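Spelled out from the first residue to the last, the chains are:
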Amino acid sequence: MTSATSESTKTYPRPLEGLKVLDLTWFGAGPIATKILANLGADVVRIETEKRPDGLRVVGPKPVGDNSLNTSGYYNNFNAEKRSITIDLTQPEGHALGMRLVEWADLFMTNMTNRAVRQTGMTWEQVHEANPRIIGMYEPMQGNTGPHTEYMGFGAVLSALCGLNYLAGHQENRPIGVGSNYPDYVVNPGHGVIAMLAAVRHQRRTGEGQLIDMSQFESSAAVLSAPVFAWDNAGLEYVRQGNRVPYAAPHGAYRVAEHPERPDLWLALACLTEDDWRAAAAAMGHPEWAEDARFATVADRKANEDALDALVAEWAAAQEGAAAATALQAAGVPAGLVLNATEVLNDPHLAERAYYAYPDHPEAGPRAYDGPGFRLSRTPHEVRGAAPLLGEHTFEVASEVLGLTSDEIGRLIAEDVLR
Amino acid sequence: MAGALDDIRVIDATGPIGHYAGYLLADLGADVVKVEPLEGDPARRWPPLLPDTPEPEAGLQFLLLNVNKRGAALDLGSTEGREAFLRMVAGADVLLESWSAREAEVLGLTPDVIEAANPNLVHASVTGWGLSGPYAEWAYADIVALAMSGVMNLAGFPDGPPEQLPDHQGYHCASINAAAGVMAAILYRDATGEGQRVEVSMHESLLMAQETAMQAADILGTNRQRTGGGGATGFKMPGLGVYDTADGALYSMCTGNAGSGFQGLVELMRELDGPSEIHEEPLFSFVQERMNTGLLIQAMQDPEGAGEIIQTLRRIDDIATDFFRRHPTQTLYKRGQELRVLLGPVNTPQDISESEQLAARDWFRTVEDPARGRTLRYPGPPWLLQATPASLRRPAPLLGEHTNEVLTEAGVDGGALLAAGVAR
């Protein structure tokens, strides 16, 4: 990597080395947050249980016919570099061991429902009593207080709740959302990491831990709040407008010429400035469009956007996609193809930047993992290892962290406590 | 109680791609100074606009994401402006900017120049494509990053275009990563005194949001496509998806063993309407005994053999559709959640504005904005930090509102720059 990534004169540690994290998360938003901490060098010990494994261990994608709990690409991508210990926290002996891990940790995180947190005996009151200087990151669907604190959901329910479904797509279509449980993957884990690192800073400065009460509803609504802000302060009702925006045109996705190996290919294009528009018209071979009175200013283009989009769509339909994107970019216009996942995995730009990591995994082999969302020039942030097998580190954590003997560990496994 | 960053000064010289990063750091207590070009940030003029407010102070997007910041307008292309900027950087802990490598070079603000001005700085760069690689100097826009990251490929109906995500999710994800990177770098700087660079690409920031599409391509060699909300099964599972209600719409996830499953929904039907066809044979046994993940897998693996099952599932889905249509969203949501039925309202901006849950948690905040002659209502922070709470301390800056103040703090003769027309 040529950019802000390597300095050869000195080997730097990762920035969170020494931070001890106890992880009682599952599914998406929680595990991704603690994965980022692990990739920053924290020692993340994740408590799992064979009795009720993480749903993402179950659903895959996995190789066809593979029913292992260790080969799900969905799970593995979100849990790189963690240690996995299996403990049944609902058994008294298991709960006592869990509490000893709480005493060990600087930070505890869960994104389970309040009900599940009570069942595992890991409420903030219990955790804080066991370790008064710990940070407790609790991230239920709607936060730790309020009339809906017990309400539950997954990313798909959250997408509706936080406004994403209503805001996406076209006014005449059903509010189906965006085809994924979007808030789970970057927004909620990212907000979670920022909040946890802020609390770590406070803990290091003062010795004081704290409760982080993070509502997934609030965290998601925070990045979708422009229409709420416009309603509250200007009385403006939101109208869904597909790929358009109020301040620029043309702005959208336009279907390019049919290619036998790649049907249904679309070009995204955004003219954010008047210069963009003039350059785009010229690059499209129609400099006269920029002289057309209907399209002279952004206000004109917004007023005549249907006619404008029809012209751009007609032009695009006759273009080879990659050539059109390259020509527009050469003219300085923001443009690019709507790529599928295979094309993204093989993108030469991402390859040169070494974005994807391929750590080897004893059962799944070397599979693609998402790289870091931010890069640090001195203290590396990177995916150095694969996700753990279910319970892979039970013995290691039980002996090294909990100080149990081999005999004790064997008994606890036999009695389904460490399972 | 003070914020976790109450001793940190941030220079935020980003365009719209980085506004939210500065906003988040300000919420944690940092003193954030927004540095804009003389004509102002482009988002100052983006509709929608605050009514009865002169240009360039009315752009709602700008007001939303630049609250809590001070503002200075500086011509970085001028020698005096550039030197003043470096003086400001020298007194800061964090610099956020959004220049490509070539733009930084044209400005004479390359990383080595910045580092010379402040060797211990945390210097974050937030751009469309990152600072290296074949696309590094490409133009960017939110929708283009959504396209190139594969995220847009999942959204929309099969017979319509791929759809962007609303409200600038590319800019938001890039900003979130920038703020997270700055936090990690601040912790390291606290421990060692050493600063470093943080590099964020909006394109890369979005890749994780492909959900399982990347792994499906890597492990199975298949590409997920936009399905119009229908899922990948080829048939409609009852209780899964968006349904109309008497007064709006909701998302229902009553399937498998999520919450109380479809069986919970059947209980909700009994509670609200009394017993009906679905509480009688043969449907009742089918729902209780067969509507589980096994059935789903069976139908997916053998869609033809599942013909009869699919007829039954259709009938059950019609019953669910009719049930949802006859009741108001809030009744279904609240009574349902009490039974652990996984339902969520398709909330509109007005619904969120009026949410009783958000009200009970005092999520919304108000800020006096005397220059714009009103009190503005702001959405809350994404987190509640009990010991180091978020705070809104000042309205979004007018263009150049604090130019003289921040230049004076940096030991620069602000009056001379203003008179020379290189500051505003």
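Refer to the preceding data block for the structure.
Cut-offs used in this document
Residues numbered from 1 in each chain as written. Chains lettered and ligands numbered in written order. Predicted model: local features only at pLDDT ≥ 70, side-chain atom pairs only at ≥ 80, totals over all residues. Heavy atoms only, no water. Buried < 20%, exposed > 50% of the residue type's maximum accessible area, 1.4 Å probe, protein only. Helix = DSSP H or I, 4+ residues; strand = E, 2+ residues; numbered from the N terminus. Pairing = 2+ DSSP bridges. Salt bridge = Lys/Arg side-chain N within 4 Å of Asp/Glu carboxyl O. Contact = heavy atoms within 4.5 Å. Buried area = accessible area lost by both parts, 1.4 Å probe. Polar contact = N/O pair within 3.5 Å; in protein donor to acceptor, adjacent residues only side chain to side chain. Axes fitted to C-alpha atoms, helices over the stretch in contact; angles between N-to-C directions.

This paragraph deals with the pairing of strand 10 (residues 365–369) of chain B. Residues and elements named next belong to chain B. Residues of strand 10 alternate between two faces, with Arg 365, Val 367 and Asp 369 buried on one and Thr 366 and Glu 368 left unburied on the opposite face. Bridge count for strand 10 against strand 11 (residues 374–378) is five bridges, and the pairing is antiparallel. Looking at the pairing, Val 367 lines up with Leu 376 of strand 11. Linkage of strand 10 to strand 11, two consecutive antiparallel strands, is achieved through a turn of four residues, within which Gly 373 is found at a positive phi near 70°.

On to the pattern of salt bridges, then. Taken as a whole and assessed by the stated rule, the structure comprises 61 salt bridges over all chains. Put simply, Arg70(B) and Asp31(B) hold a salt bridge, and the shortest N to O gap is 3.0 Å. Here the residue Arg70(B) occupies a position in strand 3 (residues 69–73), and Asp31(B) occupies one in strand 2 (residues 31–36), the gap between them amounting to 39 residues. Residue Arg70(B) is classed as buried on the basis of its relative accessible area of 4%. Judged by its relative accessible area of 25%, Asp31(B) falls in the partly exposed class. Ionic pairing is found between Glu405(B) and Arg70(B), a salt bridge with its closest N-O pair at 2.6 Å. Of this pair, Glu405(B) sits in helix 17 (residues 403–409) while Arg70(B) is found in strand 3, placing the two residues 335 residues apart along the sequence. Within the structure, one salt-bridge network assembled from shared partners comprises Arg201(A), Arg205(A), Asp6(B), Asp7(B) and Asp190(B).

This paragraph deals with the interface of chain B and chain A. Tallying the contact residues gives 144 residues for chain B and 148 residues for chain A. For the pair chain B and chain A, the two sides together bury roughly 12,600 Å², of which 63% comes from carbon and sulfur. Looking at the side of chain B facing chain A, the largest losses of area belong to Glu204(B), Met208(B) and Arg361(B), adding up to 6% of the total buried there. Linking chain B to chain A there are 14 salt bridges. Here Asp6(B) ties to Arg205(A) by a salt bridge, and the two come within 3.1 Å at their closest N and O atoms. Applying the counting criterion to the chain B and chain A interface returns 65 residue pairs in polar contact (both at pLDDT 80 or more). Relative to strand 6 (residues 196–201) of chain B, strand 10 (residues 375–376) of chain A is paired through two bridges, and the arrangement is antiparallel. Residue pairing in the sheet places Arg375(A) in a bridge with Glu199(B) of strand 6 of chain B.

Another point: the sheet that holds strand 8 (residues 249–253) of chain B. Residues and elements named next belong to chain B. Strand order across the open sheet formed by three strands is 7-8-9, with antiparallel pairing between neighbours. Two strands close off the open sheet at either side, each with one partner strand: strand 7 (240–244) and strand 9 (343–345). Across the sheet, the mean angle separating the axes of adjacent strands is 25° when strand polarity is ignored. As defined by bridge partners, strand 8 adjoins strand 9 across three bridges and the pair is classed as antiparallel. Paired with Leu 250 across the strands is Pro 345, a residue of strand 9. In the packing of helix 14 (residues 329–338) onto the sheet, contacts are made with strand 8 and strand 9, and the angle to strand 9 comes to roughly 145°.

We now examine the environment of Pro370(B). Residues and elements named next belong to chain B. Along the chain, Pro 370 turns up in the loop between strand 10 and strand 11. Given the relative accessible area of 67%, Pro 370 is considered exposed. The spacing of Pro 370 and Pro 395 is 25 residues in sequence and 8.6 Å in space, taken between C-alpha atoms.

Here we come to the sheet that holds strand 1 (residues 9–13) of chain B. Paired through backbone hydrogen bonds, the strands of a sheet run either parallel or antiparallel to each other. Strand order across the open sheet formed by seven strands is 10(A)-6(B)-5(B)-4(B)-1(B)-2(B)-3(B), with mixed pairing between neighbours. The sheet terminates laterally at strand 10 of chain A together with strand 3 of chain B, the two strands that pair on one side only. Relative to strand 3 of chain B, strand 2 of chain B runs parallel, the two being bridged by five bridges. Within strand 3 of chain B, the position partnered with Val32(B) by the bridge is Lys69(B). Against the sheet, helix 1 (residues 19–27) of chain B contacts strand 1, strand 2, strand 3 and strand 4 (94–97) of chain B, and its axis sits at roughly 155° relative to strand 2 of chain B.

Without other data, these values stay purely geometric and don't point to any function.
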